[in-house]
Amino acid sequence: MGLVAIVTWLITAMVGIYLLYLWLSGGGLRQQATKVTRFPTLLIFAHPVLAVSALACWVVHVLTLDPLFAWLSFGVLSASALLGFTMFTRWLGGGRHARGAEQRFPMVAVLLHGAVGVVTFVLVLLTAAVASGA
C-alpha cells in the first residue's frame, strides 16, 4: 500500500503542478497587489510545500518501515489537505463573479486533483495505522 500511495501522490502532484501553472500564467502573482484573487500567495505555496514534505517523510517510511515517519507524513499531509480544502472552497465560492487567475481552472483538473488527493490521504492513514499495529 505504501508504493500505491506514492503513485497516487505523484498523480496528485502532476495535476497540482498543472493548476499552479495555470494560476501563475494567468497572472495570479500580479493579482495579489490588487486583491483580485481569492488565493493568497502563502496559501498557494504552503499547500505544495507541505505536500512535498509529507511525501519525503512517506518515502522514508516506505524505505525504513518506521511507523513514526508514517504518522509524521500523515500529520503534515493533513495540514496540506486542509489548505487544499480551503482553496477548493474559495474556488467554489468564486462563481460567476470570480475575477482571479483561478477562474481558469478546469473543473475536471480540480476534481481529479482533489479526488486523487483524498485517495492518497486515506491510503496514508490506513498504512500508518497498519504500520503501528492499530
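These lines cover the structure that appears in this document, whether it is placed above or below. (Residues numbered from 1 in each chain as written. Predicted model: local features only at pLDDT ≥ 70, side-chain atom pairs only at ≥ 80, totals over all residues. Heavy atoms only, no water.)

### Observations regarding the side chain of Thr120
Then comes step 1: Inspection of the secondary structure assignment puts Thr120 in helix H4 (residues 107-131).
Then comes step 2: Looking at Thr120, the relative accessible area reads 2%, which means it is buried.
Then comes step 3: Discounting residues that sit within four places of it in the chain, Thr120 has contacts with Ala5, Thr8, Trp9, Thr12 and Leu77. (Helix = DSSP H or I, 4+ residues; strand = E, 2+ residues; numbered from the N terminus. Buried < 20%, exposed > 50% of the residue type's maximum accessible area, 1.4 Å probe, protein only. Contact = heavy atoms within 4.5 Å.)

### Structural notes on the environment of Leu24
Then comes step 1: Along the polypeptide, Leu24 turns up in helix H1 (residues 2-25).
Then comes step 2: Through-space distance from the C-alpha of Leu24 to that of Glu102 is 9.2 Å; in sequence the pair is 78 residues apart.

### What about the nonpolar core?
Then comes step 1: By size, the foremost hydrophobic cluster in this structure holds 13 residues, and its most contacted members are Ala5, Trp9, Trp58, Leu77 and Val124.
Then comes step 2: Breaking this core down by element, the ones donating at least two residues are H1, helix H2 (41-64), helix H3 (67-94) and H4.
Then comes step 3: Among the elements that line this core, the one with the most residues is H2, at 4 residues.
Then comes step 4: Among all residues touching Ala5, those that are not within four sequence positions of it are Trp58, Thr120, Leu123 and Val124.
Then comes step 5: With 12 residues, the next largest nonpolar core counts Ile44, Met87, Ala109 and Val110 among its residues. (Core = buried A, V, L, I, M, F, W, Y, C linked by side-chain atoms within 4.5 Å.)

### Some details on H1
Then comes step 1: Here H1 spans 34 Å end to end across 24 residues, near enough to the 34 Å set by a 1.5 Å rise per residue.
Then comes step 2: Among all positions in H1, only Gly2, Ala5, Ile6, Thr8, Trp9, Thr12, Val15, Gly16, Leu19, Leu22 and Trp23 are buried.
Then comes step 3: Remark: Gly27 follows H1 within two positions and exhibits a positive phi of approximately 90°. (Expected span 1.5 Å × (residues − 1).)

### Considering the packing of H1 against H2
Then comes step 1: The N-to-C vectors of H1 and H2 enclose an angle of 160°; their axes lie 11 Å apart at closest approach. Accordingly, the angle class assigned to the pair H1 and H2 is roughly antiparallel. Our pair here, H1 against H2, has a crossing hand that is left-handed. Between H1 and H2, the contacting residues are Gly2, Leu3, Ala5, Ile6, Trp9, Leu10, Leu20, Trp23 and Leu24 on the first element and Ile44, Phe45, Ala51, Ala54, Leu55, Trp58, Val59 and Val62 on the second.
Then comes step 2: Split into classes, the residues belonging to the contact of H1 with H2 amount to 16 nonpolar, 1 polar and no charged. (Axes fitted to C-alpha atoms, helices over the stretch in contact; angles between N-to-C directions. Parallel < 35°, antiparallel > 145°, perpendicular 65-115°, else oblique. Left-handed = near helix turned anticlockwise from the far one by under 90°. Nonpolar A, V, L, I, M, F, W, Y, C, P; charged D, E, K, R; others polar.)

### Examining the packing of aromatic side chains
Then comes step 1: As enumerated under the stated definition, the model contains 4 aromatic pairs in all.
Then comes step 2: Relative to Trp58, the ring of Trp9 has its centre 6.4 Å away and its plane inclined at 40°; by these criteria the two rings are tilted. Taken together, the positions of Trp9 in helix H1 and Trp58 in helix H2 put the pair 49 residues apart, joining distant regions of the chain. Trp58 carries the same exposure label as Trp9, and that label is buried. (Phe/Tyr/Trp six-rings, centres within 6.5 Å; stacked < 30°, edge-to-face > 60°.)

Keep in mind that these numbers describe shape and distance, not what the molecule does.
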